[in-house]
Amino acid sequence: MDGDKLRSGHQPLDEILGGGLPGNGISVIMGLPGTGKTILAEQYTFRNARPDRPSVYFSTLSEPLEKVIRFGQTLDFFDAAAVGRSVFYEDLGQAAGRDGLAGVGERVAAVIRERRPGLIVIDSFKALHALTGGDGEFRAFLHRLAGRLSAFPVASLWVGEYEAAEMATSPEFAVADAILELTAAARGQREFRSLHVRKLRGSGFQSGQHGYRVSSQGLRLFPRLADVPASGGYRLGHDRITTGIPGLDSMLGGGLWPGSCTMVAGPSGSGKTIMGLHFAYGGAGRGEHGIIATLQENPTQLARMLGALNWPLTHPAVEVMYCSPVDIYVDEWVHDLLEAAERTQARRVVIDSLLDLQMASADETRFREFMYSLAQRFSRQGISLLSTYETPSLFAAGRLSEFAISHLADNAVMLNYHRDHGTLGRSLAVLKTRASSHDPAMREFSIGPEGISVGAVVAPGQSPAGRTGPDRLPGLRGNRVCPSAPGVAAQPRRIPMAGALTFPGASAPARHRPMCRGSAPAARPGPR
């Protein structure tokens, strides 16, 4: 125990509790069997044990004391040398069976007088309900026990297999100063464990559900990422950064703003991952450290892709963080990513892909909150984020993402296929840029040994939906780039770009896609 706080020894847990549990209070750890309640209680037991203020662990009428000790010995933090010196195990089962609740209270009081502990644990506290003849008797027992615990400066953990509905009916929850709920919920083939602070008197705590895992190291918590808007401004760079693709930089008005969030959406095989690699390695070539956080290609697959582009998998300025999407905790994953970004001083992060994170999220609202918080955190740190998202349609997607997160992106780039005389071609369009003008043209691009090369404006007969007529921006259903009334022709208007683009086989820079206005002779299609 440190000061007036009971600490777990696991920093993330202590942080969401505002420093720890009440040092001289009563805390309830509740949850169904198998959620890790006993393991968490033993973490507190050994973390706070001192010879002059030992920890005392009481078992009651659930698991035998010998079983608790035997399984406790499999945990990394279990210190056999501390048992009998600063950690004591006591069996309340005999006293309970002989003298009922009165015997339990007397035995606890006797141990407090004898050991003068800093912490006592009663596991399972809920099992004591079996000893009572009615609600009145149990409430009287609680009153006497709470008085004894208050008379001596000791922290108490009451562990029980409670369900959430019992908080309204079981009187021990009214006595408790803090309530921690552990849950393990199945969603499809996945199991999500979460810790929820239900009550904590006299302390600020982080609300919501926080993911955790249970291992031989004990309960490892991953606090929910939930950034609130910054109260003041923060500084960002004024010089644009490259995407690693010169043609795309020109379409974006000269590149990306540092600290911005960019979404690249498109169907399978359209080039999203390669565009992310351009972003990471383009920055590495300028001394900017980057992270490729991939849930798609494992390192072997990624090395083969990079080898085809003559790029190295191992680069001093690029770290690859691979995680299988099969058994991923989003909260655990993002804390690993934040730690890697801090350790490497990364300026760029690529997430490939958001669809995998979306599938691993508990619900739609949580996923949107998660992405908002991550984008805000990176922006304040001056880290530029590029994420990929797979759309289901090969031609002209109806929307960027299923969970309405595209509004969080400062820049949105849509990749598509288009039909070209019996073959499939690739095209890209910049749908939006914040605080910047951009070229709205839909342009062809190719993938070769040097990566992505941006080409000419897609001709009208090469529309993503395979139709002739005015080009349509992908992802914007029914919105034409150049709408015109019947009988009104279109007039081309050039959009200034940061630099001229030269394409293979062309002797002059490619023409920009015309924007339509007024009535004038019809614009001729640009070069193909």
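Residues numbered from 1 in each chain as written. Predicted model: local features only at pLDDT ≥ 70, side-chain atom pairs only at ≥ 80, totals over all residues. Heavy atoms only, no water.

## Looking at the overall build of the protein chain
The secondary structure content of the protein chain amounts to 12 helices and 20 strands. For the protein chain, with 528 residues in total, the buried portion stands at 51%. Once local pairs closer than 6 in sequence are excluded, the contacts in the protein chain between residues at least 24 apart make up 70%. As presented, the protein chain carries roughly 23300 Å² of accessible surface, and 51% of it is formed by carbon and sulfur atoms. (Helix = DSSP H or I, 4+ residues; strand = E, 2+ residues; numbered from the N terminus. Buried < 20%, exposed > 50% of the residue type's maximum accessible area, 1.4 Å probe, protein only. Contact = heavy atoms within 4.5 Å. Areas by Shrake-Rupley, 256 points an atom, 1.4 Å probe, with all protein chains shown as cover.)

## Focus: the pattern of salt bridges
Under the definition given, this model contains 22 salt bridges. Ionic pairing is found between D52 and R50, a salt bridge with its closest N-O pair at 3.3 Å. We note a salt bridge from D99 to R98, for which the minimum N-O separation is 3.2 Å. The exposure class assigned to D99 is partly exposed, which follows from its relative accessible area of 43%. Here the salt bridges do not stand alone but share partners, grouping R224, D331, R366 and E369 into one network. (Salt bridge = Lys/Arg side-chain N within 4 Å of Asp/Glu carboxyl O.)

## Looking at the packing of helix α8 (residues 272–284) against helix α9 (residues 299–308)
Contact geometry of α8 with α9 gives a least axis separation of 12 Å together with a crossing angle of 75°. As judged from the angle between their axes, α8 and α9 are roughly perpendicular. On α9, the residues that touch T273, I274, L277 and Y281 of α8 are L302, M305 and L306. (Axes fitted to C-alpha atoms, helices over the stretch in contact; angles between N-to-C directions. Parallel < 35°, antiparallel > 145°, perpendicular 65-115°, else oblique.)

## Structural notes on the sheet that holds strand β20 (residues 451–457)
Pairing within the open sheet is mixed, and its nine strands lie in the order β14-β13-β15-β16-β12-β17-β18-β19-β20. A single partner strand is all that each edge strand has here, and the edge strands are β14 (318–322) and β20. When strand polarity is set aside, the average angle formed by the axes of neighbouring strands in this sheet is 25°. Bridge count between strand β13 (residues 290–294) and strand β15 (residues 348–352): five bridges; the pairing is parallel. Across the sheet, residue I291 finds its bridge partner in β15, namely V349. (Pairing = 2+ DSSP bridges.)

## What about the pairing of strand β16 (residues 384–390)?
In terms of residue burial, β16 counts as a mostly covered element, since six of its seven residues are buried. Pairing analysis gives four bridges linking β15 to β16, with the strands arranged parallel. If you follow V350 over to β16, its bridge partner there is L386.

## Comments concerning unusual backbone geometry
Geometrically, the link from D123 to S124 is a cis peptide bond, its omega value of 10° lying close to zero. Residues D352 and S353 are joined by a peptide bond in cis, for which omega reads 10°. Here S353 lies in the loop between β15 and α11 (354–360). A positive phi angle is found at Q345, which is not glycine, with a value near 55°. Inspection of the secondary structure assignment puts Q345 in the loop between α10 (330–344) and β15. Since its relative accessible area comes to 54%, Q345 is described here as exposed.

## Considering helix α12 (residues 364–380)
With 17 residues, α12 extends 25 Å from end C-alpha to end C-alpha; this agrees with the ideal 24 Å at 1.5 Å per step. Those residues of α12 lying buried are R366, F367, F370, M371, S373, L374, A375, F378 and S379. Where α12 is buried, its residues touch β12 (261–266), α10, β15, α11 and β16. Of the residues trailing α12, G382 is marked for its positive phi of about 75°. (Expected span 1.5 Å × (residues − 1).)

## So, the sheet that holds strand β6 (residues 119–123)
Taken in spatial order, the nine strands of this open sheet run β5-β4-β6-β7-β3-β8-β9-β10-β11, and their pairing is mixed. Each having just a single partner strand, β5 (87–91) and β11 (218–222) make up the two edges of the open sheet. Sheet twist, expressed as the mean angle between neighbouring strand axes with direction ignored, is 25°. On top of the sheet, helix α4 (residues 93–115) reaches β4 (55–59), β5 and β6; it is set at about 160° to β5, its chief contact. Helix-sheet contacts for helix α5 (residues 135–151) involve β3 (26–31), β6 and β7 (155–160), and the interaxial angle to β7 is about 145°.

## Structural notes on the nonpolar core
One finds W333, L337, I351, L357, F370 and F378 to be the most contacted residues of the largest nonpolar core, which totals 36 residues. Residue assignment for this core shows that the elements contributing at least two residues are β12, β13, α10, β15, α11, α12, β16 and β17 (411–420). For this core, the element with the highest residue contribution is α10, accounting for seven residues. Here F370 is in contact with L225, V330, W333, V334 and L357, once residues within four sequence places are set aside. Counting residues in each nonpolar core, the second largest holds 32 residues, with A41, F46, L65 and L195 among its members. (Core = buried A, V, L, I, M, F, W, Y, C linked by side-chain atoms within 4.5 Å.)

## Regarding the packing of α10 against α12
Viewed as axis vectors pointing N to C, α10 and α12 meet at an angle of 5°, and their least axial separation amounts to 12 Å. Taken as axis vectors, α10 and α12 run roughly parallel relative to one another. Here V330, D331, W333, V334, L337, L338 and A341 of α10 lie close against α12, whose contacting residues are R366, F370, L374, R377 and F378. Within the contact of α10 with α12, the residues separate by chemical class into nine nonpolar, no polar and three charged. (Nonpolar A, V, L, I, M, F, W, Y, C, P; charged D, E, K, R; others polar.)

## With respect to α5
In this model, α5 (17 residues) spans 24 Å end to end at C-alpha, consistent with the 24 Å of a helix rising 1.5 Å per residue. Burial in α5 covers these residues: F138, F141, L142, L145, A146 and L149. Buried residues of α5, viewed axially, fall in a sector of 130°; they line one side. Looking at α5, the residues exposed on the side facing more than 90 degrees away from the buried face are G136, H143, S150 and A151. Its buried side turned inward, α5 meets β3, α4, β6, β7 and α6 (172–175). (Arc of directions from axis to C-beta.)

## Some remarks on the side chain of R366
Mapped onto the elements, R366 comes out in helix α12. Within the structure, the side chain of R366 is placed 3.4 Å from the backbone oxygen of L225, a separation counted as a polar contact. Not counting the four nearest positions on each side in its chain, R366 is found in contact with R224, L225 and D331. (Polar contact = N/O pair within 3.5 Å; in protein donor to acceptor, adjacent residues only side chain to side chain.)

## Overview of the packing of aromatic side chains
For any two aromatic rings, the description comes down to two numbers: the centre-to-centre distance and the angle of the planes. Taken as a whole and judged by the stated rule, the model has 10 aromatic pairs. Aromatic pair F125 and F138: ring centres 6.4 Å apart, planes at 75°, arrangement edge-to-face. A residue pair is termed long-range when its members are at least 10 positions apart, and F125 in the loop between β6 and α5 and F138 in helix α5 qualify at 13 residues. Relative accessible area serves as the criterion here: at 1%, F138 is assigned to the buried category. For the ring pair Y162 and F173, a centre distance of 4.8 Å and an interplane angle of 75° mean the geometry is edge-to-face. Placement of Y162 in the loop between β7 and α6 and of F173 in helix α6 is noted, with a sequence separation of 11 residues between them. Like F173, Y162 is buried. Here the aromatic cluster, defined as three or more aromatic residues joined through ring pairs, consists of F125, F138, F141 and W158. Lying over the aromatic face of Y329, R213 brings its terminal NZ or CZ to 4.3 Å of the ring centre. (Phe/Tyr/Trp six-rings, centres within 6.5 Å; stacked < 30°, edge-to-face > 60°. Lys NZ or Arg CZ within 6 Å of the ring centre and 35° of its normal.)

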